[in-house]
Amino acid sequence: VMTDEFSDRTKRGSLLATIAAMYGFGNALIYGLGTIFDWRLTAGISAILPLITLVIFYLLPESAIWLVRKNRLREAKDSLNWSYGP
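An unreviewed UniProt entry lists the protein chain under the name Major facilitator superfamily (MFS) profile domain-containing protein, with Diploptera punctata given as the organism. Database annotation for the protein chain, UniProt heading Subcellular location (unreviewed entry): "Membrane".

> Just give me the short version of the overall build of the protein chain, but keep the residues and values in it.
A count of helices and strands for the protein chain gives five helices and zero strands. Beginning at the N terminus, the succession of helices and strands in the protein chain can be written as α-α-α-α-α. Computed over C-alpha atoms, the radius of gyration of the protein chain comes to 18 Å, more than 25% over the 12 Å expected from 2.2 N^0.38 for 86 residues, which places it beyond the range of a compact globule. Each principal axis of the C-alpha distribution contributes one length, and for the protein chain these read about 50 × 25 × 20 Å.

> Quick rundown of a nonpolar patch on the surface? Include the residues and the values.
Residues Ile36, Phe37, Leu41, Ile45, Ile48, Leu49, Ile52 and Ile56 make up a contiguous nonpolar surface patch of about 750 Å² in total accessible area. The biggest single contributor to the nonpolar patch is helix 3 (residues 39-59), with six residues. Mapped onto the elements of the fold, Leu41 is located in helix 3.

> Describe in detail the UniProt feature "domain: Major facilitator superfamily (MFS) profile" (unreviewed entry) in the protein chain, supporting the description with residues and values.
Summarizing the sequence annotation, UniProt attributes the feature "domain: Major facilitator superfamily (MFS) profile" (unreviewed entry) to residues 1-86 in the numbering used throughout. In this annotation, residues 1-86 is assigned 80% helix and 0% strand; the end-to-end C-alpha distance for the span is 23 Å.

> Which residues make up the pattern of salt bridges, and what are the values?
Counted according to the given criterion, the structure contains three salt bridges. For Asp38, the salt bridge identified is with Arg40, shortest N-O distance 3.5 Å. The class for Asp38 is partly exposed, based on a relative accessible area of 40%. Under the relative-accessibility criterion, Arg40 is labelled exposed at 54%. A salt bridge links Arg72 to Glu75; the nearest nitrogen and oxygen atoms lie 2.7 Å apart.

> Which residues make up the side chain of Arg12, and what values do they have?
Looking at the secondary structure, you find Arg12 in helix 2 (residues 12-36). The contacts of Arg12, once residues within four sequence positions are left out, are Thr3, Asp4 and Ser7.

> Summarise the UniProt feature "transmembrane region" (unreviewed entry) in the protein chain; cite the residues concerned and give the values.
Per the UniProt record, "transmembrane region" (unreviewed entry) is found at residues 15-37 and 43-68. In residues 15-37, the share of helix is 96% and the share of strand is 0%. The end C-alpha atoms are 32 Å apart. Between the C-alpha atoms that bound residues 43-68 the distance is 40 Å, and the span itself is 85% helix and 0% strand.

Rules used throughout
Residues numbered from 1 in each chain as written. Predicted model: local features only at pLDDT ≥ 70, side-chain atom pairs only at ≥ 80, totals over all residues. Heavy atoms only, no water. UniProt positions renumbered as here; feature names shortened; annotations may be inferred. Helix = DSSP H or I, 4+ residues; strand = E, 2+ residues; numbered from the N terminus. Rg over C-alpha atoms; globule rule 2.2 N^0.38 Å. Patch = residues over 30% accessible without salt bridge, like charges linked within 9 Å, V, L, I, M, F, W, Y side chains within 5 Å. Areas by Shrake-Rupley, 256 points an atom, 1.4 Å probe, with all protein chains shown as cover. Salt bridge = Lys/Arg side-chain N within 4 Å of Asp/Glu carboxyl O. Buried < 20%, exposed > 50% of the residue type's maximum accessible area, 1.4 Å probe, protein only. Contact = heavy atoms within 4.5 Å.

In C-alpha cells form, the structure reads like this:
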C-alpha cells in the first residue's frame, strides 16, 4: 500500500519487483546464516530488520489519500509536504 501511494506510476512496477527480489534475498540470507550460527542467534538476527521497519512505519505520517477520505485536509497537505517537499 505504501509503495502504491508514495511511488510514481512509471517506477511502481520496478519497485514492486525489487521488493519481491529482496524477500527472496532475505530468505536465502537467513537460510545461509542458519547453516553457520545457532538457531537462536539466527532468529535474533532475522528479527532486527522487521523491528526497525516497525519503528519507521510508526514514525511515518498517515497517507494523504487516507487523510483526504477522512476530511482532514490540512493534515493531508502536511503529509504531502513531508513526502514530496513543499
